[in-house]
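Here are the chains, one letter per residue:
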Amino acid sequence: MSSDRTYDVIIVGGGHAGSEAAAAAARLGARTLLITPDLARVGQMSCNPAIGGIAKGVVAREVDALGGIMGRATDAARIQFRMLNRSKGPAVWSPRAQCDRELYPFGVRRALDEVPGLFLHEDMVTGLLMQDGRVTGVRTGGGEFRAEAVVVTAGTFLRGRIHIGSDASVGAGRVGEAPSVELAQELEARGLEIARFKTGTPPRIDGRSVDFTRTERQDGDPQDFRFSSYVRESIPEQRPCWITWTGEGLREVVERNLDRSALFGGEISGRGPRYCPSIEDKIVRFPDAARHQVFLEPEGLESTELYVNGLSTSLPAEVQVEFLHTVPGLERVEVTRVGYAIEYDYFPPHQLRHTLEVRAFPGLYFAGQINGTTGYEEAAGQGLMAGANAALRVLGRSPFVLERDEAYIGVLIDDLITKGTDEPYRLFTSRAEFRLLLRQDNASRRLGPRAREIGLLTERQNEALEILEERDLRVQRWFVETVIEPADANPLLGQCGSSPVRQPVRASELLKRPEVPASGLAHAGGAMFDPSTDTDAVAAVEIEIKYEGYVRREAERARSLRRQADFELPDDLPYEDLLSISSEAREKMARVRPSTLAQAGRIPGVSPADLQSLILEVRRWRRKEACFT
Amino acid sequence: MTDEASSRLPELAVDTIAALATSPGVGAIALVRMSGPEAFEVLRALTPGEDDPAPRTATLRSLTKGEGGDLLDRALVTSFPRPESYTGEDMVEISCHGGWLVPRMILDACVATGARLAEPGEFTRRAVLHGKMDLVQAEAVLDLIEGRSKAQHDAALFQVERGLSRRIGELREQLVTVEAYLAHHIDFPEEDEAPVTVDRVADAADALRDALEELLETAPEGELLREGAVTVLAGPPNSGKSSLYNALLGEERAIVTDIPGTTRDALEAVISIGGFPFRLVDTAGLRDSDDQVEELGVEVARRYLDRADLVLFCVESQADLGSAELEFLTGLGDVPTVLLRTKVDLTPRDRVSGPLTSEGLAAEGLDDGHRVNAADVRESVDLSVVDGTGLGRLKEILPELVYGGLVRTGTSVPALTRARQSEAVQKARDQVVAFIEALEEGTPVAVASALLRPAETALEELLGLISTDEILDRVFREFCIGK
Ligand SMILES: Cc1cc2nc3c(=O)[nH]c(=O)nc-3n(C[C@H](O)[C@H](O)[C@H](O)COP(=O)(O)OP(=O)(O)OC[C@H]3O[C@@H](n4cnc5c(N)ncnc54)[C@H](O)[C@@H]3O)c2cc1C
Ligand SMILES: Nc1nc2c(ncn2[C@@H]2O[C@H](COP(=O)(O)OP(=O)(O)OP(=O)(O)O)[C@@H](O)[C@H]2O)c(=O)[nH]1
Ligand SMILES: [Mg+2]
């Protein structure tokens with residue numbers, strides 16, 4: 001905090017969205033203040049200490065490629081790494097890392113402290129300062145702070161309420177932390193639409209009380225994989241996870257106590273995520289499933305605590321103990337923290353622009369869980385984009401928006417704004433129509449140049465990006481230019497069950513055979529690079545050469561959609577009056593206010609016939625406007 | 001889109017349209033209808049001083065040309081407030097006296113007070129625009145109006161009732177299921193005993209391909225159902241073609257004489273046989289002639305034969321099949337042909353001989369069996385228009401020959417009746433086949449799955465639908481997710 005209490009950008013909240021927002025804004029050159037009630041908990045992992053997974057892993061790498069913090073912090077904290085979907089080809093590889101609960105926030109804090117122009121302040125924001133409908137700053141318990149742009153990233157804290165069983169509930173943003181009530185009330189009073197979601201977390205147990213002989217051990221991949229393309233953190237040693245299964249005993253306990261669950265007893269009004277159901281949900285909705293998988297995941301290098309992944313619950317504490325004791329290996333387990341459900345306010349995201357600015361209040365930005373998402377990566381991606389746009393606005397520069405064919409972050413934000421969400425939103429690869437383009441291996445290639453151009457990268461990151469680009473090119477060229485002799489190729493081909501060659505043949509030709517891996521070719525052809533360290537570059541050629549036709553077609557499809565996106569829709573189009581459009585489409589478009597024709601087409605309930613009429617209406621409207629002005 | 005292109009787009013549905021819904025000039029009663037935001041205003045202008053009729057209730061009203069104007073007619077007026085109307089807009093229907101004059105005057109009065117004349121098909125187009133029906137239904141409405149046979153009527157009505165739309169919707173559902181399996185396979189690798197193997201995806205894709213192909217098989221017959229099967233009467237001069245043409249039509253349309261070379265230009269008529277539409281064409285007798293007009297007639301006949309769906313080849317029963325006839329049959333290639341031995345009343349029974357079908361021709365060893373085999377002679381019928389021999393038999397076999405599939409399944413099945421429809425289904429099928437082949441080649445499912453989106457788009461465009469995120473919904477419904 002400086003004496004005049006005036007900044008360019010203020011970030012409210014120091015979670016995953018807030019940290020990235022603060023760092024991005026400051027990196028762009030905005031004087032930035034991050035306000036959060038407990039500076040010791042910046043970057044804290046509220047739930048499972050794991051980063052990545054399907055689609056989310058790509059987002060973590062995208063955040064890194066854009067100069068963000070998440071990738072580095074994960075590398076420095078990861079205690080078990082696995083590449084999910086490894087057997088399904090590099091197009092859908094998804095890195096996932098179990099992190100040390102202490103090391104991760106430590107890494108976030110260290111990264112924040114490195115950013116010049118970024119200031120931290122411990123306090124709770126209670127309201128916004130506004131003038132003529134524009135944001136001018138925030139109010140806290142300790143006074144007022146001024147800024148032209150404010151990014152709110154309050155997570156699960158807005159009127160948060162925790163439930164443990166059907167009769168114990170308490171206002172909280174996370175266990176042991178006060179909820180943010182005034183800020184929620186004020187935003188609602190200003191006319192923003194507000195709604196409620198819920199989510200839950202499983203119990204934690206003491207690893208010393210687990211009988212691991214009754215579980216299955218799952219080790220991490222012995223790989224030097226890194227989320228960060230630019231910064232090489234040193235990686236901690238790995239820890240195993242353990243797998244066990246629920247059975248009849250657990251079903252019986254849960255069924256007998258269903259009426260004591262906060263989620264089932266009707267105490268909670270909001271909707272929860274279907275992909276992350278409580279154990280109560282699983283038992284009720286899938287009565288035929290004989291058993292459910294449970295992962296015991298380490299919470300830290302030094303900690304003996306384990307996270308019981310798969311048993312999220314809002315049953316009372318004693319029931320949790322009872323059902324845990326029915327699970328093989330957990331017969332005598334000690335519970336260290338009980339599971340709970342939490343419900344909280346969020347703002348239905350159709351109220352935002354693609355920059356994450358609130359339509360109604362210029363200068364106010366929302367990011368993270370308060371936009372209806374769930375997950376650290378989703379929060380981080382939004383935070384970075386909101387922080388960057390807040391800074392760009394203050395600096396008088398044009399906004400930064402990622403399209404659906406550029407990044408999962410683009411898919412995420414466009415989905416939120418265009419389609420809205422009626423359950424906590426998380427990313428999946430099936431949400432992206434161009435998943436062959438949006439891969440983890442090419443995150444820095446896709447987004448690095450954009451970040452550099454805008455000024456989101458530090459000097460050091462810029463240099464690293466240049467080296468990477470050079471290396472990508474070299475690997476690519478090697479495959480296209482290298483000719484391999486039959487004597488070198490045939491042993492490899494034999495191993496892969498591929499027919500031998502008689503003539504010298506180009507590496508890229510052999511790579512086109514589905515069964516022949518790029519790394520094997522690199523060895524056979526005596527490449528100068530090491531496929532086990534240049535994993536990204538090798539994975540990239542693996543898909544871009546092997547499935548060239550597919551990638552090209554997808555890129556073409558993306559381009560043709562872009563052309564459609566070029567047809568801009570005026571912000572102040574009076575949708576209510578466009579009678580040639582069906583009333584359902586009129587209503588939906590008035591709510592979302594799409595900025596392009598392509599976006600309008602993605603709104604559920606808008607038909608191609610509506611789009612055709614929309615084009616005509618816009619033309620007519622423009623002509624009419626032109627007459628009046 | 002250029003402005004030139006947009007000027008060719010239909011007018012915006014912001015104005016009110018009016019049209020005469022019944023044929024002009026005929027009938028005791030005619031129907032004038034209006035649709036659009038001004039429809040009730042226009043009605044008020046025609047019925048000054050009167051209350052609005054109660055919705056959906058036929059009400060007697062005096063129609064005048066505006067305040068103090070002359071009385072046009074006393075008519076039954078019904079109003080349909082939106083959205084519960086055919087078009088989804090405010091609509092008015094006026095049942096007035098028929099003939100040339102009254103409907104015309106009422107229509108003029110509507111136009112004079114704020115409506116404009118509708119384009120052909122515009123009411124239905126507005127119904128689509130307002131989500132009252134999908135594109136396939138709208139097409140069926142046109143078929144229903146233009147229908148000329150029972151089978152076409154049944155098929156069109158079935159589609160108006162969403163029969164085909166539902167089938168296409170089901171196919172799209174099936175496609176979404178395949179994509180849901182893929183989504184589960186890719187997006188939830190760590191779930192309880194992942195239930196979706198690549199084999200399961202491939203099986204679902206195979207079933208989808210089969211279902212698409214089954215629907216595609218209806219396209220040839222379905223399209224014929226709309227147009228009528230082109231059925232060409234051909235054969236040597238004087239063989240009785242025109243006589244048969246008249247007999248099938250039930251009226252003396254073609255000139256019949258005993259002079260060979262009577263028919264010159266081709267005659268065409270759509271008739272319904274066994275409920276199915278046939279576009280019957282009488283042509284000039286085939287022979288080399290010095291007469292220039294007859295020569296041209298033969299030329300026309302050949303052109304019809306090129307696009308024939310069925311040929312009725314007429315040869316007098318007392319004449320033997322000569323090499324000229326056999327050559328002609330061979331020249332038809334694979335067009336299904338019925339050999340008609342005409343004028344059997346003139347020929348003693350035991351002298352009517354000769355081969356029945358391609359196989360028969362070959363077996364008899366008449367001429368070069370090889371070449372005749374190339375023709376597709378399905379049946380042979382002995383015929384007389386004088387005593388009616390064979391006519392019943394001919395009418396019996398014709399529907400079976402052209403519409404065999406529909407005869408067996410009945411016409412209340414989803415059938416593709418337009419090129420637009422079969423092209424879209426074909427595209428979806430091709431993409432699904434490409435997907436299956438990619439899997440067989442060992443392409444990872446995550447890559448191959450890129451082939452399915454265009455298939456989905458093709459089916460959605462067919463219905464004029466939009467893509468929504470149903471895949472994940474399906475995953476969550478069918479699988480227990482939640483690591
Ligand atoms: C119980 C629970 C279970 C969860 N389960 C899952 C799960 O299963 N899967 C999953 O992917 N995600 C889960 N999450 C979600 C995940 O934790 C969040 O998605 C992620 O942390 C959101 O990041 P954020 O930055 O938006 O908010 P948070 O990480 O919640 O950070 C919000 C920050 O804002 C601060 N703040 C709040 N109000 C104010 C104020 N008025 N003034 C100043 N600062 C304020 C808070 O102190 C905090 O630092 C769970 C979260 C909880 C709490
Ligand atoms: N007895 C008898 N005479 C028939 C029959 N069908 C046709 N004829 C006669 O055969 C003659 C020729 O009949 P058309 O129908 O004009 O023959 P066509 O094949 O149309 O002749 P072109 O137009 O000249 O090629 C007429 O005199 C008919 O009356 C039949 O079934 N029985
Ligand atoms: Mg004739």
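Note: the structure precedes this text.
In this report, we go over the structure that sits alongside the text. All of these numbers come straight from a predicted model, not from anything done at the bench.

## Here we look at the pattern of salt bridges
Residue and element names in this part refer to chain A. In the structure shown here, the tally under the stated rule is 78 salt bridges over all chains. In this structure, the salt-bridge partner of Arg 274 is Glu 423, at a minimum N-O distance of 2.6 Å. Linking Arg 274 in the loop between α6 (248–256) and α7 (279–285) with Glu 423 in the loop between α10 (408–419) and α11 (443–454), this pair joins segments that are 149 residues apart in sequence. One connected set of salt bridges, linked through shared partners, spans Arg 404, Asp 414, Asp 415, Lys 419, Glu 433 and Arg 602.

## With respect to the site of ligand 2
All names here are of chain B. Neighbouring ligand 2 are 22 residues, the closest being Ser 242, Ser 243, Gly 261, Thr 262 and Thr 263. Thr 262 places a polar main-chain atom, nitrogen or oxygen, 2.7 Å from an oxygen atom of ligand 2. Interatomic distance of 2.8 Å between a backbone N/O atom of Val 385 and an oxygen atom of ligand 2. Computed on the free molecule, ligand 2 has an accessible area of 640 Å², of which 87% lies beneath the protein chains in the complex. Its residues placed into classes, the shell around ligand 2 shows seven nonpolar, eleven polar and four charged.

## As for a nonpolar patch on the surface
A cluster of nonpolar side chains, contributed by B:Trp100, B:Leu101 and B:Met105, occupies part of the molecular surface with about 380 Å² of accessible area. Its place among the elements puts B:Leu101 in helix α3 (residues 101–112).

## Overview of the packing of aromatic side chains
Residues and elements named next belong to chain A. Applying the stated criterion across every chain yields a total of 16 aromatic pairs over all chains. When the ring of Phe 197 is compared with that of Tyr 346, the centres are 3.8 Å apart and the planes differ by 10°; the resulting orientation is stacked. Of this pair, Phe 197 sits in strand β13 (residues 195–201) while Tyr 346 is found in strand β20 (residues 340–346), placing the two residues 149 residues apart along the sequence. Each member of the pair, Phe 197 as well as Tyr 346, is classed as buried.

## A short note on the nonpolar core
Counting residues in each nonpolar core, the largest one holds 159 residues, and the members touching the most others are A:Val9, A:Ile10, A:Leu364, A:Phe366 and B:Phe435. Considering every element that reaches this core, the biggest residue donor is helix α9 (residues 376–394) of chain A, with eleven residues. Beyond its immediate sequence surroundings of up to four residues, A:Leu364 is in contact with A:Leu128, A:Val135, A:Val150, A:Val152, A:Leu187, A:Leu356, A:Glu357 and A:Val358. Counting 32 residues, the second largest nonpolar core, distinct from the first, contains B:Ala229, B:Leu233, B:Leu310 and B:Leu398.

## Focus: the site of ligand 1
All names here are of chain A. Around ligand 1 sit 35 residues, and of these Ala 17, Cys 47, Ser 180, Gln 369 and Gly 375 come closest. Between Ala 17 and ligand 1, the recorded distance is 2.9 Å, taken from a backbone N or O atom to an oxygen atom. One of the side-chain N or O atoms of Thr 36 is found 3.4 Å from an oxygen atom in ligand 1. Protein contact buries 95% of the 980 Å² of open area that ligand 1 shows by itself. Listing elements by their share of the shell around ligand 1, those giving two or more residues are α1 (16–27), β2 (32–36), β13, β20 and α9. Counting residues per element, the shell around ligand 1 draws most heavily on β13, which supplies three residues. Split into classes, the residues belonging to the shell around ligand 1 amount to 15 nonpolar, 17 polar and three charged.

Cut-offs applied
- Residues numbered from 1 in each chain as written.
- Chains lettered and ligands numbered in written order.
- Predicted model: local features only at pLDDT ≥ 70, side-chain atom pairs only at ≥ 80, totals over all residues.
- Heavy atoms only, no water.
- Salt bridge = Lys/Arg side-chain N within 4 Å of Asp/Glu carboxyl O.
- Helix = DSSP H or I, 4+ residues; strand = E, 2+ residues; numbered from the N terminus.
- Near = heavy atom within 4 Å.
- Polar contact = N/O pair within 3.5 Å; in protein donor to acceptor, adjacent residues only side chain to side chain.
- Areas by Shrake-Rupley, 256 points an atom, 1.4 Å probe, with all protein chains shown as cover.
- Nonpolar A, V, L, I, M, F, W, Y, C, P; charged D, E, K, R; others polar.
- Patch = residues over 30% accessible without salt bridge, like charges linked within 9 Å, V, L, I, M, F, W, Y side chains within 5 Å.
- Phe/Tyr/Trp six-rings, centres within 6.5 Å; stacked < 30°, edge-to-face > 60°.
- Buried < 20%, exposed > 50% of the residue type's maximum accessible area, 1.4 Å probe, protein only.
- Core = buried A, V, L, I, M, F, W, Y, C linked by side-chain atoms within 4.5 Å.
- Contact = heavy atoms within 4.5 Å.

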